[in-house]
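Structural description and commentary
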Amino acid sequence: MLFGMPTLIETNTLEECAAVCRVMNLDFIELNMNLPQYQTTEIDISYFIDIADKYGVFYTIHLDENFNISDFNPYIADGYQRTAAETIALANRLGAPVINMHMPRGVYFTLPDRKVYLFEEYRERYLKSMTDFRQLCEAEIGTENIRICIENCEGFLGFQREALNILLTSQVFGLTFDIGHNHACGGADEDYILENKRYLKHMHMHDAAGDKNHLALGTGELDIAKYCALAREHNCRIVLETKTIEGLRQSVEWMRHRGYME
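Going along each chain's sequence as written, the residues are numbered from 1 onward. In view of the model being predicted, local features appear only for residues whose pLDDT reaches at least 70, and side-chain atom pairs are presented and counted only at 80 or more, with totals across whole chains, interfaces and linings using the full set of residues. To get the side-chain values, all heavy atoms of the structure are used, and hydrogens and water are removed first.

Details of the overall build of the protein
Put simply, DSSP marks the helices as runs of H or I at least four residues long and the strands as runs of E at least two long, and each gets a number from the N terminus on. Helix and strand counts for the protein come out as ten helices and twelve strands. Only the C-alpha atoms count toward the radius of gyration. The rule for a globule is 2.2 Å times the residue count to the power 0.38. For the protein, the C-alpha radius of gyration of 18 Å lies close to 18 Å, the compact-globule estimate for 262 residues. Across its three principal directions, the C-alpha atoms of the protein cover 50 × 40 × 30 Å. Each residue is assigned to one of three classes by its accessible area relative to the maximum for its type, calculated with a 1.4 Å probe on protein chains only: buried under 20%, partly exposed between the two thresholds, exposed over 50%. Split into buried and exposed, the 262 residues of the protein put 50% on the buried side. Every accessible area reported is derived by Shrake-Rupley at a probe size of 1.4 Å, with residue values counting cover from the shown protein chains alone. Summing over all exposed atoms, the protein offers an accessible surface of approximately 12,200 Å²; the carbon and sulfur share of this is 48%. Only four residue types enter the tally: Lys and Arg on the positive side, Asp and Glu on the negative side; His and the chain ends are excluded. The atom standing in for a charge is NZ when the residue is Lys, CZ when it is Arg, CG when it is Asp and CD when it is Glu. Computed over 24 positive and 39 negative side-chain charges, the inter-centroid distance for the protein is 4 Å.

Quick word on the packing of aromatic side chains
Only Phe, Tyr and Trp rings take part, Trp by its six-membered ring, and two of them pair if their centres are within 6.5 Å. Stacked means planes under 30 degrees apart, edge-to-face means over 60, and tilted covers everything else. Using the criterion set out here, one finds 17 aromatic pairs in the structure. Considering the side-chain rings of phenylalanine 119 and tyrosine 126, the 4.5 Å spacing of their centres and the 20° angle between planes classify their relative orientation as stacked. Using a relative accessible area of 5% as the deciding quantity, one classes phenylalanine 119 as buried. Aromatic ring contacts, followed pair by pair, group Phe72, Tyr108, Tyr117, Phe119, Tyr122, Tyr126 and Phe159 into a single cluster. Geometrically, a charge over a ring is one whose NZ (Lys) or CZ (Arg) sits within 6 Å of the ring centre while staying within 35 degrees of the ring normal. A cation over an aromatic ring shows up here: lysine 115 above the ring of tyrosine 108, its NZ or CZ 4.5 Å from the ring centre.

Focus: unusual backbone geometry
Although it is not a glycine, asparagine 25 sits at a positive phi angle of roughly 60°. Assignment of secondary structure puts asparagine 25 in the loop between helix H1 (14-23) and strand E2 (28-32). In this model, asparagine 235 sits at a positive phi of 55°, which is unusual for a non-glycine residue. Relative to the elements of secondary structure, asparagine 235 occurs in the loop between helix H9 (224-233) and strand E12 (237-240).

What to know about a nonpolar patch on the surface
A contiguous nonpolar surface patch, about 280 Å² in accessible area, is contributed by Val107, Phe109 and Leu111. Mapped onto the fold, leucine 111 is located in the loop between strand E5 (108-110) and strand E6 (115-117). Each patch groups residues whose relative accessible area exceeds 30% and which form no salt bridge, using 9 Å between like charges and 5 Å between nonpolar side chains of Val, Leu, Ile, Met, Phe, Trp and Tyr. In what follows, salt bridge is the name for a side-chain nitrogen of Lys or Arg lying within 4 Å of a carboxyl oxygen of Asp or Glu.

A word on the nonpolar core
Of all hydrophobic cores here, the largest spans 81 residues; its most connected members are Leu26, Met203, Met205, Leu240 and Met255. Throughout, a residue-residue contact means that at least one pair of heavy atoms, one from each residue, lies within 4.5 Å. Setting aside anything within four residues of it in sequence, one finds methionine 255 in contact with Phe3, Met205, Leu217, Ile224, Cys228, Leu240, Tyr260 and Met261. The nonpolar core is taken to be a set of buried Ala, Val, Leu, Ile, Met, Phe, Trp, Tyr and Cys residues, with the residues joined through side-chain atoms within 4.5 Å.

Some points on helix H5 (residues 123-141)
Two residues of an α-helix separated by three or four positions point the same way, owing to the 3.6 residues in each turn. Its 19 residues give H5 an end-to-end C-alpha distance of 27 Å, which sits within 8% of 27 Å, the value for a rise of 1.5 Å per residue. Every buried residue belonging to H5 is among Tyr126, Leu127, Ser129, Met130, Phe133, Arg134, Cys137 and Ile141, and all of these are buried. Within H5, the buried residues cover an arc of 150° as seen down the axis, which keeps them to one side. Among the exposed residues of H5, those pointing more than 90 degrees away from its buried face are Glu124, Arg125, Lys128 and Ala139. Elements in contact with the buried residues of H5: helix H3 (74-94), strand E4 (98-102), helix H4 (118-121), strand E7 (147-151), helix H6 (158-167) and strand E8 (173-178). Just downstream of H5 lies glycine 142, where phi reads positive at about 55°. Here the expected span of a helix is defined as 1.5 Å times the quantity of residues minus one. It is the directions from the helix axis to the C-beta atoms that the arc portrays.

A short note on the sheet that holds E2
Any two strands are treated as partners once DSSP identifies two or more bridges connecting them. Pairing is parallel around the closed barrel formed by eight strands, whose spatial order is E1-E2-E3-E4-E7-E8-E9-E12. When the angles between neighbouring strand axes are averaged without regard to direction, this sheet yields 30°. Bridge count for strand E9 (residues 200-205) against E12 is four bridges, and the pairing is parallel. By the bridge assignment, histidine 202 is partnered in E12 with arginine 237. Between N-to-C directions, angles span 0 to 180 degrees; the directions come from axes that are lines fitted to C-alpha atoms, helices contributing only their stretch in contact. Together, E4, E7 and E8 form the strand contacts of H5, whose direction differs from that of E8 by roughly 105°. Helix-sheet contacts for H9 involve E8, E9 and E12, and the interaxial angle to E9 is about 155°.

A short note on the pairing of E9
As a general feature of sheets, a regular strand has side chains that alternate between the two faces. Here E9 lies mainly inside the structure; five of its six residues are buried. Two strands pair when backbone bridges link them, and E8 and E9 are joined in this way by four bridges, in the parallel orientation. Bridge assignment links aspartate 178 to a residue of E9, and that residue is histidine 204.

Here's the deal with the packing of H5 against H6
Where H5 meets H6, the axes come as close as 9 Å, and the angle between the chain directions of the two elements is 30°. As the angle between them shows, H5 and H6 are arranged roughly parallel. Both H5 and H6 take part in a crossing whose hand is right-handed. Counting all contacts with H5, which are made through Arg123, Tyr126, Leu127, Met130, Thr131, Phe133 and Arg134, the residues of H6 involved are Gly158, Phe159, Gln160, Glu162, Ala163, Ile166 and Leu167. Classification used: nonpolar for Ala, Val, Leu, Ile, Met, Phe, Trp, Tyr, Cys and Pro, charged for Asp, Glu, Lys and Arg, polar for all others including Gly. A class-by-class count of the residues in the contact of H5 with H6 yields eight nonpolar, three polar and three charged. Angle categories: roughly parallel below 35 degrees, roughly antiparallel above 145, roughly perpendicular from 65 to 115, and oblique for all the rest. Less than a right angle of anticlockwise turn of the near helix away from the far helix marks a crossing as left-handed, whereas a clockwise turn marks it as right-handed.

Pasting the structure below:
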């Protein structure tokens, strides 16, 4: 298995991040496109490749968490389509095998007795946007070995599962299993993930306790060994997704002590 780290707020530059990655003897960095320095307009391809070569690492990419290809405003949706195309081109040039993305629930109206999600209310339009997105990504990726992996966050709702089923008909899409997110929402996504584990390509691994997420491995309530076995079964790349260098160090030591990492 290959292990990586997220972009940490304590590392202000790519080289600082790569140095931590090397010290921890990890394989890759997941570039976080929420940060200004990791926008497609800011990345110097040759510099990023030089850093990867210097420190012996590679990259995966985490799309902006606001990424919403189904926004009803066509100007906003067009911006995300352009972002998707540019990110795929970036991944191709950097040799990044995975683009990780969230699937937003979108806006909802709060009624006296329930929430009405607009993507649910306008389901046909929402699902068509997913078909269009799938076709866009297929055209941009072509025969390249890049997978766009959808990450579980707070429990996939029915309309989101329908959208996932549309995307997963294409070989350019896969699943990211975030085990801490799954725990924090009461295990709401685990059945769906396991039913579709043949699409599992990527994993975000951190511990959790109750609704607290992104804890160092071994400090929460999760059965990490079970999820490591799942990752090994499907040859997943694993991001040790803590939010601090110290949490990352603790997680690496925990994994090494138990023989999951060299």
